[in-house]
Amino acid sequence: MSSPAAGAATLAPRRSSRFVAWVRAWRAGLVPFDEVADAVAGDEEHLVADAPGTWTDVSLREALPSLAKHSPDDIRLVLPAPGDPRGLPGPGAFAGAALVAGEAVVASGMGLVPEVRTHTSGSGMTWETVLWRVHPLPADAPKASLSTPGAAEAEAELSAVLAETTATLTRLDVAQWRPELAGALAALRRPDGGTDLPPGFDPRARRLFARAAVLDRVLALAGESAPGGAVNTYEAQQRDAALRPLTTACRQALVAACNAPLRL
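Reading guide: rules and limits
Residues numbered from 1 in each chain as written. Predicted model: local features only at pLDDT ≥ 70, side-chain atom pairs only at ≥ 80, totals over all residues. Heavy atoms only, no water. Helix = DSSP H or I, 4+ residues; strand = E, 2+ residues; numbered from the N terminus. Buried < 20%, exposed > 50% of the residue type's maximum accessible area, 1.4 Å probe, protein only. Areas by Shrake-Rupley, 256 points an atom, 1.4 Å probe, with all protein chains shown as cover. Axes fitted to C-alpha atoms, helices over the stretch in contact; angles between N-to-C directions. Parallel < 35°, antiparallel > 145°, perpendicular 65-115°, else oblique. Contact = heavy atoms within 4.5 Å. Nonpolar A, V, L, I, M, F, W, Y, C, P; charged D, E, K, R; others polar. Lys, Arg positive; Asp, Glu negative; His and termini not counted. Salt bridge = Lys/Arg side-chain N within 4 Å of Asp/Glu carboxyl O. Polar contact = N/O pair within 3.5 Å; in protein donor to acceptor, adjacent residues only side chain to side chain. Pairing = 2+ DSSP bridges. 1 Å grid on protein atoms, 1.4 Å probe; cavity = no way out; pocket = protein on both sides within 12 Å on 5 of 7 lines; lining within 4 Å. Points joined across faces, edges and corners; volume = space filled by probe spheres on them.

Caption draft 1: Fine view of the overall build of the protein chain. Along its length, the protein chain carries 9 helices and 6 strands. Across the 264 residues of the protein chain, 48% fall into the buried class. When the accessible surface of the protein chain is totalled, it reaches about 12,600 Å², and 55% of it is carbon and sulfur.

Caption draft 2: Focus on the packing of helix α2 (residues 15-27) against helix α3 (residues 33-41). At a closest axis distance of 9 Å, the pairing of α2 and α3 adopts a crossing angle of 175°. What the angle tells us is that α2 and α3 run roughly antiparallel. Taken together, the residues of α3 that come into contact with α2 (itself represented by R18, F19, W22, V23 and W26) are F33, E35, V36, A39 and V40. Class assignment of the residues belonging to the contact of α2 with α3 gives a composition of 8 nonpolar, no polar and 2 charged.

Caption draft 3: Layout of the side chain of E103. Its place among the elements puts E103 in the loop between α5 (93-101) and β4 (104-107). Although buried, E103 forms no salt bridge, and the nearest oppositely charged side chain, R14, lies 5.0 Å from it. One polar contact links the side chain of E103 to the main-chain amide nitrogen of R15, over a distance of 3.4 Å. Excluding its chain neighbours within four sequence positions, the residues that come into contact with E103 are R14, R15, S16, V78, L79, P80, A98, V113 and P114.

Caption draft 4: Structural view of the sheet that holds strand β3 (residues 76-78). Ordered in space as β2-β1-β6-β5-β4-β3, the 6 strands form an open sheet in which the pairing is mixed. Single-partner strands in this sheet number two, and they are β2 (58-59) and β3. Pairing between β3 and β4: 3 bridges, direction antiparallel. Within β4, the position partnered with V78 by the bridge is A104.

Caption draft 5: Main features of the pairing of strand β5 (residues 110-120). Sheet topology places β4 next to β5; 3 bridges connect them, and they run antiparallel. Its bridge partner being in β5, V106 is matched across the sheet by G111. Between β4 and β5, which pair antiparallel in sequence order, lie 2 residues; one of them, G109, sits at a positive phi of approximately 85°. Here 11 bridges tie β5 to strand β6 (residues 126-136), and the two strands are oriented antiparallel to one another. The residue bridging L112 from the neighbouring strand is V134, located in β6. Between the end of β5 and the start of β6, which pair antiparallel, lie 5 residues, with G124 showing a positive phi angle near 95°.

Caption draft 6: Geometry of empty space enclosed by the protein. Scanning the entire structure with this criterion turns up 2 cavities of 30 Å³ or more. The space that makes up the largest cavity amounts to roughly 50 Å³. If you go around the largest cavity, the residues you meet are F19, V48, A51, P52, L60, A63, L64, S66, L67, M110, L112 and V134. In the lining of the largest cavity, the residues fall into 11 nonpolar, 1 polar and no charged.

Caption draft 7: Examining the pattern of salt bridges more closely. Per the counting criterion, the structure on display carries 13 salt bridges. Residue D216 pairs with R14 through a salt bridge whose shortest N-O separation is 2.8 Å. One end of the pair, D216, is in helix α8 (residues 203-222); the other, R14, is in the loop between α1 (4-9) and α2, with 202 residues separating them in the sequence. With a relative accessible area of 14%, D216 lands in the buried category. Across the salt bridge formed by D84 and R86, the nearest N and O atoms sit 2.8 Å from each other. A network of salt bridges, in which partner residues are shared, links D50, E115, R117 and R133.

Below is the structure:
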């Protein structure tokens, strides 16, 4: 039986990963335009700022036609982190925003970065909207695919690092302060045939995306403070050192899965 953490994780893939996967499938003619915006947004409200030909924020559905001339290979996922800017087209406003968000979409001539905004009504109710801000990119910006591994390489790396990290966390007695994390990591070692990607992606990319999307949420859980302060500073440092290689492998796995060649 999978853990609650692993189950919840499948509901929260990175927004840029869903954007890239579904928009690429649309541009390949594998899914209809009418399905794309809903598949990307899910239950959230998504708006786009500074889209070509617009003067104000518009809905995601209204902004998508600005990508209608792009081929699937022109649209790429990047998941940069401090010290690891792979896939970014060099310094600038887009690179800075992407590093802050930890995710972005690169398309020919433009980059999109999601910003989550929290709103509060007069009665005190809060809700969130997602604003995709469009940044112009130079025509000679490098493609993300030039600096990221393929799906097979990323899958092998993720499996190897996951096994090593699980062993390290066992030695650190992670179950004492995060029992749900230990269970989720154990569940992740089993192959997952998830179908979170749209049509066109091969079984390896689907399997890699399903596994990495869950792991991405588990790693976010691991980064939180333990209930009741059960982790001291030294233990937190040990945990972070153990998880750092896995975090990198997970990001590269998501990138490789979403940027994988499509089967037309």
